[in-house]
Amino acid sequence: MPADIPEQSVGQPDDVSGIGPDSALPFPLSEFPQLGFLNRLVDHPRVTIGDYSYYDDPEGPEHFLEKCVKYHFDFVGDELIIGRFCAFATGVQFIMNGANHPMDEFSTYPFAAMGRGWEAGFEWPTDHRGNTVVGNDVWIGREAMIMPGVTIGDGAIIGARAVVTRNVPAYTIVAGNPAQIVRQRFERDVIDRLCRIAWWNWDAEKITRNLSAIRGMDLEAMEQATLK
Ligand SMILES: CC(C)(COP(=O)(O)OP(=O)(O)OC[C@H]1O[C@@H](n2cnc3c(N)ncnc32)[C@H](O)[C@@H]1OP(=O)(O)O)[C@@H](O)C(=O)NCCC(=O)NCCS
């Protein structure tokens, strides 16, 4: 646990709430401080992260922005948007649009960035690949790299060391460089129903009440729960 983290930021093992970890705490597990809830650790105007989404890193999840979000420059203006209940393994890399040098000139050298007069006449292209969007309940494996402008659907899995260059549909497993589809996790109908149920938007009490249905893949029970 970092020395400067106050005790009230850390979940206690004797917490008897019974509704899972406290999503308001940056370090929900005192016995596993390398895991941190990102929206309690990250404060950036162009990074949005939903509750319970975590980063796991023995060097400290509080270093997520500097270690994992690269070339995210203010003057580009692109956003990183992450849903709820995502799990990010150590070394995930979000490459943002600022990574790309000009490619439609005779040189790719970043003259404008060097300044001292070389910035004259340069305008940052506005036709970049757009925001990076990660859905809900997405698991990203160790050292995977997500390239600019990619959207990853709800429930997707990104394999260790994958390089994701294209959008990933919901509940799809991808791996490799460039990342290719390994398989769909469920039948199309099941995926559609899971996306409609969107259990990740339920509050902690409701998730707790229905955890056996979520973990036990009881779709009917989950659908019933949406009606209550
Ligand atoms: C992607 C992953 C989830 C796939 O698991 P799986 O569904 O059990 O897949 P399999 O092991 O049956 O492999 C299916 C195919 O994908 C390939 N594959 C699996 N993971 C791969 C990876 N990370 N990179 C490249 N190829 C991969 C396999 O070689 C296999 O290819 P084949 O069909 O040509 O033989 C898993 O391999 C993975 O990368 N998990 C991430 C682990 C991690 O980083 N954990 C960090 C702590 S949370």
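Definitions and limits used
Residues numbered from 1 in each chain as written. Predicted model: local features only at pLDDT ≥ 70, side-chain atom pairs only at ≥ 80, totals over all residues. Domains from an automatic or database assignment. Nonpolar A, V, L, I, M, F, W, Y, C, P; charged D, E, K, R; others polar. Axes fitted to C-alpha atoms, helices over the stretch in contact; angles between N-to-C directions. Helix = DSSP H or I, 4+ residues; strand = E, 2+ residues; numbered from the N terminus. Parallel < 35°, antiparallel > 145°, perpendicular 65-115°, else oblique. Left-handed = near helix turned anticlockwise from the far one by under 90°. Contact = placed C-beta atoms within 7 Å. Pairing = 2+ DSSP bridges.

### Re the domain arrangement of the chain
In step 1: The domain boundaries assigned to the chain delineate domain 1 (23-185) and domain 2 (186-228).
In step 2: For domain 1 and domain 2, the distance between their C-alpha centres works out to 27 Å.
In step 3: Of the residues assigned to the side of domain 1 that touches domain 2, the class counts are three nonpolar, four polar and four charged.

### Brief notes about the packing of helix 3 (residues 188-197) against helix 6 (residues 219-227)
In step 1: Contact pair helix 3 / helix 6: the axes reach a minimum separation of 10 Å and the direction vectors enclose 30 degrees. Relative to helix 6, the element helix 3 is oriented roughly parallel. Crossing handedness for the pair helix 3 and helix 6: left-handed. The segment helix 3 lies against helix 6, with Val-190, Arg-193 and Ile-197 engaging Leu-219, Met-222, Glu-223 and Thr-226.
In step 2: Tallied by class, the residues present in the contact of helix 3 with helix 6 amount to four nonpolar, one polar and two charged.

### Some thoughts on the sheet that holds strand 13 (residues 163-164)
In step 1: Here we have four strands laid out as an open sheet, ordered 4-7-10-13, and parallel in their pairing. Bordering the open sheet on either side are strand 4 (69-70) and strand 13, each of which pairs with just one other strand.
In step 2: In terms of strand pairing, strand 7 (residues 93-95) meets strand 10 (residues 145-146) through two bridges, oriented parallel. Paired with Gln-93 across the strands is Met-145, a residue of strand 10.

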